[in-house]
Amino acid sequence: MKYRHTMLSLAMASSLLVTPNLSTAEGLAVLEEVVVTARKQDESLIDTPVAVSVIGAEFFEQTGFNSMADIVKFVPGFDYSPTNTTRANGTRIRGISTFSFSDGFESSVATVIDGVVMGREAQGFFDLYDVESVEVIKGPQGTLFGKNASAGVVNVRTKKPEFEFSGGSDVMFGTDNELRVRGTVTGPLIENTLAYRLTGSSHVTDGKLNNAFPGQDDVNDKDTWSLRGKLLFQPSDNLSALLTVDTVKEDNACCLPTYLTSNDDIFIIANAYTENALQLQAALDEFGIKPGKGNRDVAIFDDRINQESEAGGVALELNYGFEGGTQLTSITSWRDWEIDEFNEADQLSNTDINNRNGTEAESTQVSQEFRLFGDMGDSVSYVAGLFYFNEDVDADGSIFVELGSFGFFNTQLQAVRSVETTSAAVFGEFTWDVTERFSLIAGGRYTDEEKKGSYTRTYTPINPNFPQSEFLGPAFTGETIIDDQDFSGRVIGRYNISENVNTYLTLSRGYKGAGIDVAESANLNFVNEEGGLPVLDPEIPTLLELGFKGWFLDETLSINTALFTQSVEDLQSINRDAAGLTRNISITEILSKGLEADITYLPPVDGLTLSASLTWLDVKYEKFDDQPALGGADYQGGPGWAISFIGDYGFEIGDGGWDSFVRAEYYWQDEKNSSAGGEEAFAIDSYGLLNLRAGVTSPSGLYSVVFGVENATGEDYPYFVGGSTFAVLGGSATSQFLGPDRTYRLTIGAKF
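No experiment lies behind these values; they were computed from the predicted model shown.

Thoughts on the pattern of salt bridges
Argument step 1. Inspection of the entire model under this criterion finds 34 salt bridges.
Argument step 2. Three or more residues are tied together by salt bridges with common partners; here these are Glu178, Asp648, Arg663, Glu665, Arg693, Glu710 and Arg745.

Structure, rendered in structure tokens:
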């Protein structure tokens, strides 16, 4: 019997068939069509005139990947930069995103889960389980997705209830006492009318950084659990209602960087009147910590780091099909997200320099979308709708700088703020099949957005016997209201060279609303009116993209490419000022251009699948009014080249029906730099990562065992290199957020 192995490889590129199933034609394996919703309608991935990468359910199941940080390595133009809090963590698409500690800014990459836009990108950084697919849609997507989608969209679709009883669970054991338990069950409550789905997961692991402080627990650990329930009511063929309720909690001792470099003694510390203010090198030497590329050591009291968060919500999706094929969709949602996080900012508890930075924040949002999809005659189709969004964010942040010297510091900064955003939009997109091969697509979105912000910054001396300083700017109180309107849209020409080969040309303009700076470091230079708050202008991206994709060699070869250039005016970002402080700032213009290409091939070897991808990216400061010297320099954070290869070979063991597979995944990225000016101290060398996996499935398909080793060669690589508390004080020390070390995992699964 000819073995048929489902393709698990992640082919990484724009408009790519990422986890296709295999079908057979005349006994040969061929690639199958994958359906996506990148244009808010079901259509073939090959026919979609949008750059989109899709990660299917089976990829998650067999790799064990369950987070955005896992998958970014295998999606071209998609990257991730962690910080010491998930509030500021962010993904970037084609080198562009907004990273900010201010609750008055939104990410340039929208996170959408089951049709609901997450007001805070961090709400999408929890474990991904029981997922149907993740679509990474690249370039401005404001026409249809609207809210904060100026760089792209991460569109997550979780599995729906089914009318046949089934389920599954798995237990994963890994390095650092990692334990993950997951399960899902689905079935009918009323035959063919009402079905349910219940999904839960728990994931714990010890700290990934060694805590050299005696008697203290290791840090950067993980302890999360989640629960999601769905009810599908389908009383007729043309009406359905899907109710989703979910909650997720985490209690992590996270997240700290480690020291990459140290520095000489600092004058202000040497002359401090703080009782326990040690120089950096002396503090490190006390615990035998050696800064360097492979440094995974810190020395802190374990009660000085924590990240607790809780998120949950309710969503109701209604679908009604009219005669003639027109479909009306309504998605109503309410969500709440709370976080309480703090950490030892100087990463050392034996010196009183900067012992605690932290924030308590809560976000509550309500959204409503009405969407209509249908045809107008034989050659025109459309999708159109209305969208409403309201979010309230309340936060209380503090920074403790115990160091006192020459009248500087010795202070606790507190920043209490609130931001309310109300956005309403009308949108639509029309597809006109001019001929059997050529289609013209045009769409637009009109947005009316109001943002209200209030802010109070105060300082209190830690030791009242000594003076304090207002080190991030003067204490002040302010309020601001922003009211803005915008029209964004796109025009696409699509030409089908043949049934399996498609090309398209896109011109798109996006929009992301103005931002209010309510971070602890709020920069008064951007205050436009007395009593107001710092405001950064709306972010405006413009994209020109040429795409080509198709199947060849009897549908065993998939080739996908996209060539693009994208400018972003007034990119909202963070940057270090002349004093070394991180500030929210508006970059006048960024220019991103690049090429994404991938190949997926089913060679004439039964069970073998090969995938490869190539990404070239060139992102530069086109113009920066506040720092003119950076004009023409490389923008921080992204590699110029990235390559990945995946080989997956499936085979039968003997004649008993046991299916097995072996798999190798390799990712390499070029050198990059985390600083705005390309400073050598913040350079990240090129590196490559190798993952190896092998698995076996019982003849019934009900039981499976998968063993994997990730980062098999033990590569020490940083996601990000930044400054440090000591650098702000006049030193040169740098810190790094390291990627995971070599990790072993064994997963035992069962289905029923």
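Overview of the sheet that holds strand β18 (residues 258-261)
Argument step 1. Read across the open sheet, the 3 strands follow the order β18-β41-β40; overall the sheet is antiparallel. Since the sheet does not close on itself, it has two edges, and those belong to β18 and β40 (718-722), each with one partner. For this sheet, the mean inter-axis angle between neighbouring strands, taken without regard to orientation, is 35 degrees.
Argument step 2. Bridge count between β18 and strand β41 (residues 734-738): 3 bridges; the pairing is antiparallel. Residue pairing across strands places Thr261 opposite Thr734, the latter belonging to β41.

With respect to a nonpolar patch on the surface
Argument step 1. A surface patch of nonpolar side chains, about 780 Å² in accessible area, is lined by Leu189, Ile190, Leu231, Leu243, Val245, Val314, Leu316, Leu318, Trp334 and Val366.
Argument step 2. Mapped onto the nonpolar patch, the elements with two or more residues apiece are β13 (178-190), β17 (239-252) and β20 (306-321).
Argument step 3. Considering every element that reaches the nonpolar patch, the biggest residue donor is β20, with 3 residues.
Argument step 4. With respect to the helices and strands, Leu231 occurs in strand β16 (residues 222-236).

A closer look at unusual backbone geometry
Argument step 1. In this structure, Cys255 follows Cys254 across a cis peptide bond, with omega equal to 15 degrees.
Argument step 2. Its location among the elements puts Cys255 in the loop between β17 and β18.
Argument step 3. Phi angles above zero are rare outside glycine, and Asp130 is one such case at about 55 degrees.
Argument step 4. Among the secondary structure elements, Asp130 is positioned in the loop between β9 (116-117) and β10 (131-138).
Argument step 5. Of the residues examined, Asp130 reaches a relative accessible area of 7% and is grouped as buried.
Argument step 6. Backbone geometry places Asn410, a non-glycine residue, at a positive phi of 55 degrees.
Argument step 7. On the secondary structure map, Asn410 appears in strand β24 (residues 408-433).

Focus: the nonpolar core
Argument step 1. Among the nonpolar cores identified, the biggest contains 59 residues, and Phe60, Ile71, Phe78, Val134 and Tyr621 are the most heavily contacted of them.
Argument step 2. Ignoring sequence-local partners within four residues, the contact set of Phe60 consists of Ile55, Phe65, Ile71, Leu128, Val131 and Val134.
Argument step 3. Ala277, Leu348, Val419 and Leu729 belong to the second-largest nonpolar core, a separate cluster that totals 36 residues.

Looking at the packing of aromatic side chains
Argument step 1. With the rule as written, the count across this model stands at 23 aromatic pairs.
Argument step 2. Each ring, one from Phe213 and one from Phe287, has its centre 5.0 Å from the other, and the planes form 35 degrees; the classification is tilted. Within this pair, whereas Phe213 is found in the loop between β15 (210-211) and β16, its partner Phe287 is found in the loop between α4 (280-286) and β19 (297-298), the two being separated by 74 residues in sequence. Judged on exposure class, the residue Phe213 and its partner Phe287 are both buried.
Argument step 3. Through pairs of rings, three or more aromatic residues link up here, namely Phe408, Phe409, Tyr459 and Phe471.
Argument step 4. Over the face of the ring belonging to Phe342 we find Arg356, whose NZ or CZ atom lies 4.1 Å from the ring centre.

Digging into the pairing of strand β7 (residues 90-93)
Argument step 1. Going residue by residue along β7, you find Gly90 and Arg92 tucked away on one face and Thr91 and Ile93 tucked away on the opposite face as well.
Argument step 2. As judged from the 4 bridges shared by strand β6 (residues 78-81) and β7, these two strands associate in the antiparallel manner. Residue pairing for β7: Tyr80 is matched across the bridge by Thr91.

A word on empty space enclosed by the protein
Argument step 1. On inspection of all chains with the given rule, the structure shows 9 cavities of 30 Å³ or more.
Argument step 2. Empty space within the largest cavity amounts to approximately 1100 Å³.
Argument step 3. What lines the largest cavity is a set of 49 residues, and nearest its centre among them are Ser67, Ala69, Tyr80, Tyr719 and Pro740.
Argument step 4. Taken together, the elements giving at least two residues each to the lining of the largest cavity come down to α2 (68-71), β14 (194-205), β16, β17, β38 (687-697), β41 and β42 (743-751).
Argument step 5. The residue makeup of the lining of the largest cavity, split by class, is 20 nonpolar, 17 polar and 12 charged.

Some details on the confidence of the model for the chain
Argument step 1. Mean pLDDT over the chain works out to 90, with 95% of the residues at or above the 70 mark.
Argument step 2. Taken together, the stretch residues 1-22 has pLDDT below 50 and engages in 123 contacts with residues farther than four places along the chain or on a different chain.

A few points about the sheet that holds strand β8 (residues 109-113)
Argument step 1. Ordered in space as β5-β10-β11-β8-β9, the 5 strands form an open sheet in which the pairing is mixed. In this open sheet, the two edge strands, each paired with only one partner strand, are β5 (52-56) and β9.
Argument step 2. Pairing of β5 with β10 involves 5 bridges; the strand directions are antiparallel. By the bridge assignment for β10, Gly56 is matched with Ser133.

Parameters and conventions
- Residues numbered from 1 in each chain as written.
- Predicted model: local features only at pLDDT ≥ 70, side-chain atom pairs only at ≥ 80, totals over all residues.
- Heavy atoms only, no water.
- Salt bridge = Lys/Arg side-chain N within 4 Å of Asp/Glu carboxyl O.
- Pairing = 2+ DSSP bridges.
- Helix = DSSP H or I, 4+ residues; strand = E, 2+ residues; numbered from the N terminus.
- Axes fitted to C-alpha atoms, helices over the stretch in contact; angles between N-to-C directions.
- Patch = residues over 30% accessible without salt bridge, like charges linked within 9 Å, V, L, I, M, F, W, Y side chains within 5 Å.
- Areas by Shrake-Rupley, 256 points an atom, 1.4 Å probe, with all protein chains shown as cover.
- Buried < 20%, exposed > 50% of the residue type's maximum accessible area, 1.4 Å probe, protein only.
- Core = buried A, V, L, I, M, F, W, Y, C linked by side-chain atoms within 4.5 Å.
- Contact = heavy atoms within 4.5 Å.
- Phe/Tyr/Trp six-rings, centres within 6.5 Å; stacked < 30°, edge-to-face > 60°.
- Lys NZ or Arg CZ within 6 Å of the ring centre and 35° of its normal.
- 1 Å grid on protein atoms, 1.4 Å probe; cavity = no way out; pocket = protein on both sides within 12 Å on 5 of 7 lines; lining within 4 Å.
- Points joined across faces, edges and corners; volume = space filled by probe spheres on them.
- Nonpolar A, V, L, I, M, F, W, Y, C, P; charged D, E, K, R; others polar.
- pLDDT = per-residue confidence, 0-100.

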